[in-house]
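# Understanding the architecture of this molecule
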Amino acid sequence: MTERPIDNIRNFTIVAHIDHGKSTLSDRLIQLTGTVAERDMVEQVLDSMDIERERGITIKAQTVRLAYRAKDGKDYILNLIDTPGHVDFAYEVSRSLAACEGSLLVVDASQGVEAQTLANVYHALDAGHEIVPVLNKVDLPAAEPDKVKAQIEDVIGLDASNAVMISAKTGLGVPDVLEAIVHRLPPPKGDRAAPLKALLVDSWYDAYLGVVVLVRVIDGELKRGQRIRMIGTGATYEVDKVGVFAPKMKDTDVLGPGEIGFLTGSIKEVADTRVGDTITDEKRQTAVALPGFKPAQPVVFCGLFPVDAADFEALRAAMGKLRLNDASFTYEMETSAALGFGFRCGFLGLLHLEIIQERLEREFNLDLIATAPSVVYRIKLTNGEEIELHNPADMPDPVKVSDIAEPWIEATIMTPDDYLGAVLKLCQDRRGEQLDLSYVGARAMVRYALPLNEVVFDFYDRLKSVSRGYASFDYHITGYRTGDLVKMQILVNAEPVDALAMLVHRTRAEGRGRAMCEKLKELIPPHMFQVPIQAAIGGKIVARETVRAFRKDVTAKCYGGDISRKRKLLDKQKEGKKRMRQFGKVEIPQEAFIAALKVDG
Ligand SMILES: Nc1nc2c(ncn2[C@@H]2O[C@H](COP(=O)(O)OP(=O)(O)OP(=O)(O)O)[C@@H](O)[C@H]2O)c(=O)[nH]1
């Protein structure tokens, strides 16, 4: 096999705000370089998971190697590492960036710079990337490329005078992107004669190959049969296969400096690999390890319980399978008085939670109840001990608590001026503190400090609704602050429902309690007796609603003797019952648990 000269390699990512056309451009690049035969071209090759394709979002970093003959007649290898576009998966962005030398900054010419454009481009600049601005969607009548160029220069401070103008949809200008990658992004640097040094970019479980490790070789060579050592974990393996993504996995004999590819060995579990670790040769080790990354920490927790208690083991098995490919998702067994056996699960954010829940229900055919999402609180006890609280139901007795701290974030929101008032009000209502307000053309850019607790429920949905979809949002966690937080219980028919317990700020407790009771009143069907719903802090009731008594007779409307129709209705009601949970004498529908929390107090 011919050695690939390092000067002819380009490793790059595409950074963009959601929907600005990253996937469409990736597909075009794959198509133009003939990497995938025309007949195999499924739209959006890189977004391979079903849910990713349906929701149009990218979750796992994917890689593809493009072979490109440039106008100068030279053959190049272009490695594209895809990056996820959603804030929940920001950590996956930084690992992809670390494997590359340059980025394409894709900005929708009809929308301009958005919150995630900024967040992602700053990450790329931090990673030392060379950046080529690309203005996409110039085919749209609303495109204003000159204005957007000025924005890129003013807000980001990048020279946009030679931005590439394209329409990823029609293909216009896309060949210029390939030329820009070759001529404007730098080749990697590395020493083939040096001992092996490679970055462990990502790893996942493949049904046929076992654990597959995505690597970026910095120095030396990675070969089949080589014994390697992971410096961070200390583990050693023999390399079974090395190869590249073209875009399907294809074996090669060796990966040289600057190359991105995969290796397999007798690695048992994804958990045995550490993203950011340095891979070296067992016998001839590199002197200096790479700096590595901080592991992704789950920040949002919730309980997941099977609707049918008999599904508990199936749920455990399904979670184990998902965790194989997603080390950022954590779970441990939990029991709830109301819901029985289930799991306390940790996620990177609300979207991550929804995706995992959806995959469990869809791919594993499970019916689940999710409890209130909660952030991780740090509680100082009067005896000096400090604990982390992942579940409001486990809150210690308030007399033993000296203070409670909650995570805060810094949020960047960009919005058309027309909706600024509504956006500010929303942030203010969520205990936000304004840090900064400036303008980017006709769009306002605000920065707010906000408690994460106020953001996890429905902040993003509310933001989209008050701005008619025009505001964009990005955040990062800045640290913990103590606050006047109290545990609020919800009592249904005088019984506390642990799955609905939550920590709230004292000033917001009454409003939220009232809103939850109102919402539950709508969601809990009438019973044969009155069902009081109460919100309580300690022994004090702060809100109350009542579901009035009513006898539900579904067969009343099928007068006449059609017994099969009657049976069908009764079956349907039984089916409906399965999705209910019994609390004492009261049945609460499954949807109530999340819906009750999506209320604006
Ligand atoms: N008119 C027009 N539409 C485009 C163009 N490029 C992409 N789109 C459309 O814009 C939408 C979003 O494009 P995607 O490529 O899925 O966006 P993305 O940035 O990959 O989104 P994420 O994967 O969620 O980050 C799709 O409906 C595309 O068809 C373009 O050049 N012109």
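Residues numbered from 1 in each chain as written. Predicted model: local features only at pLDDT ≥ 70, side-chain atom pairs only at ≥ 80, totals over all residues. Heavy atoms only, no water.

Here is the rule: UniProt positions are given in the numbering used here, feature names are shortened, and annotations may be inferred rather than shown by experiment.
As annotated in an unreviewed UniProt entry, the protein chain carries the name Elongation factor 4 and comes from Blastochloris sulfoviridis. Recorded in UniProt for the protein chain, the comment headed Catalytic activity (unreviewed entry) runs: "GTP + H2O = GDP + phosphate + H(+)". Recorded under Subcellular location (unreviewed entry), the UniProt text for the protein chain is reproduced unchanged: "Cell membrane".

### Thoughts on the overall build of the protein chain
What counts is decided by this rule: The helix and strand labels rest on DSSP assignments: H or I over at least four residues marks a helix, E over at least two residues marks a strand, and numbering proceeds from the N terminus. In this scheme, a residue with accessible area under 20% of its type's maximum is buried, one over 50% is exposed, and one in between is partly exposed, where area comes from a 1.4 Å probe on protein chains only. In this analysis, two residues are considered to be in contact whenever any of their non-hydrogen atoms come within 4.5 Å of each other. A 1.4 Å probe and the Shrake-Rupley method give the accessible areas. Residues count as covered only by the protein chains that appear here.
Helix and strand counts for the protein chain stand at 14 helices and 33 strands. Looking at the protein chain as a whole, 54% of its 601 residues qualify as buried. For the protein chain, contacts bridging at least 24 residues in sequence account for 68% of all contacts bridging at least 6. About 26,600 Å² of surface is accessible on the protein chain, with carbon and sulfur atoms providing 49% of the total.

### Quick word on the nonpolar core
Here is the rule we go by: Side-chain atoms within 4.5 Å link the members of a nonpolar core, which is a set of buried Ala, Val, Leu, Ile, Met, Phe, Trp, Tyr and Cys residues.
Judged by nonpolar contacts, the single largest core of 78 residues is most densely connected at Leu360, Ile413 and Phe459. In this structure, Leu360 is in contact with Leu304, Leu315, Ala318, Met319, Leu322, Asn365, Leu366 and Leu368, ignoring residues within four places of it in sequence. Listed in part, the 27 residues of the second largest apolar core include Leu66, Ala70, Leu78 and Ala180.

### Things to note about the UniProt feature "binding site: GTP" (unreviewed entry) in the protein chain
What counts is decided by this rule: Pairing of N or O atoms within 3.5 Å defines a polar contact, subject to two protein rules: one partner must be a possible hydrogen donor and the other a possible acceptor, and residues neighboring in sequence count only if both atoms are side-chain atoms.
Here the UniProt feature "binding site: GTP" (unreviewed entry) sits at Asp19, His20, Gly21, Lys22, Ser23, Thr24, Asn136, Lys137, Val138 and Asp139. Within the secondary structure layout, His20 lies in the loop between β1 (9–16) and α1 (22–32). Here the side chain of His20 touches Asp108 through a polar contact of 3.2 Å, landing on its backbone nitrogen. As for its position among the elements, Lys22 is in helix α1. Of the residues examined, Lys22 reaches a relative accessible area of 8% and is grouped as buried.

### Quick look at the packing of aromatic side chains
Filter applied, for reference: For Phe, Tyr and Trp, where Trp contributes only its six-membered ring, two rings pair if their centres lie within 6.5 Å, and the inter-plane angle classes them as stacked under 30 degrees, edge-to-face over 60, or tilted in between.
Across all of its chains, the model carries 11 aromatic pairs by this definition. Centroid distance Tyr419 to Tyr470: 6.1 Å. Interplanar angle 15°. Geometry classified as stacked. Separated by 51 residues along the polypeptide, Tyr419 in the loop between β23 (401–416) and α9 (420–429) and Tyr470 in the loop between α11 (459–466) and β26 (472–483) bring together distant segments of the chain. Relative accessible area serves as the criterion here: at 17%, Tyr419 is assigned to the buried category. The class of Tyr470 is partly exposed, set by a relative accessible area of 42%. Among the aromatic residues, ring-to-ring pairing joins Phe312, Phe329, Tyr331, Phe341, Phe343 and Phe347 into one connected group.

### What to know about the sheet that holds strand β6 (residues 164–165)
How we decide: Pairing between strands is defined by DSSP: at least two bridges between them are needed. Angular values range over 0 to 180 degrees, each being the angle between N-to-C directions of two axes fitted as lines to C-alpha atoms, with helices fitted over their stretch in contact.
Taken in spatial order, the six strands line up as β2-β3-β1-β4-β5-β6 in an open sheet, and their pairing is mixed. In this open sheet, the two edge strands, each paired with only one partner strand, are β2 (63–69) and β6. Relative to the sheet, α1 contacts β1, β2, β3 (75–81) and β4 (102–108), its axis offset from that of β1 by approximately 155°.

### Remarks on the confidence of the model for the protein chain
Worth spelling out the cut-off: On a scale of 0 to 100, pLDDT captures the predictor's confidence in every residue.
When pLDDT is averaged along the protein chain, the result is 84, and 86% of the positions lie at 70 or above. Confidence drops under pLDDT 50 across residues 55–61; counting only partners more than four residues distant or on other chains, this segment forms 33 contacts. The ipTM for the predicted assembly is 0.96, set against a pTM of 0.73.

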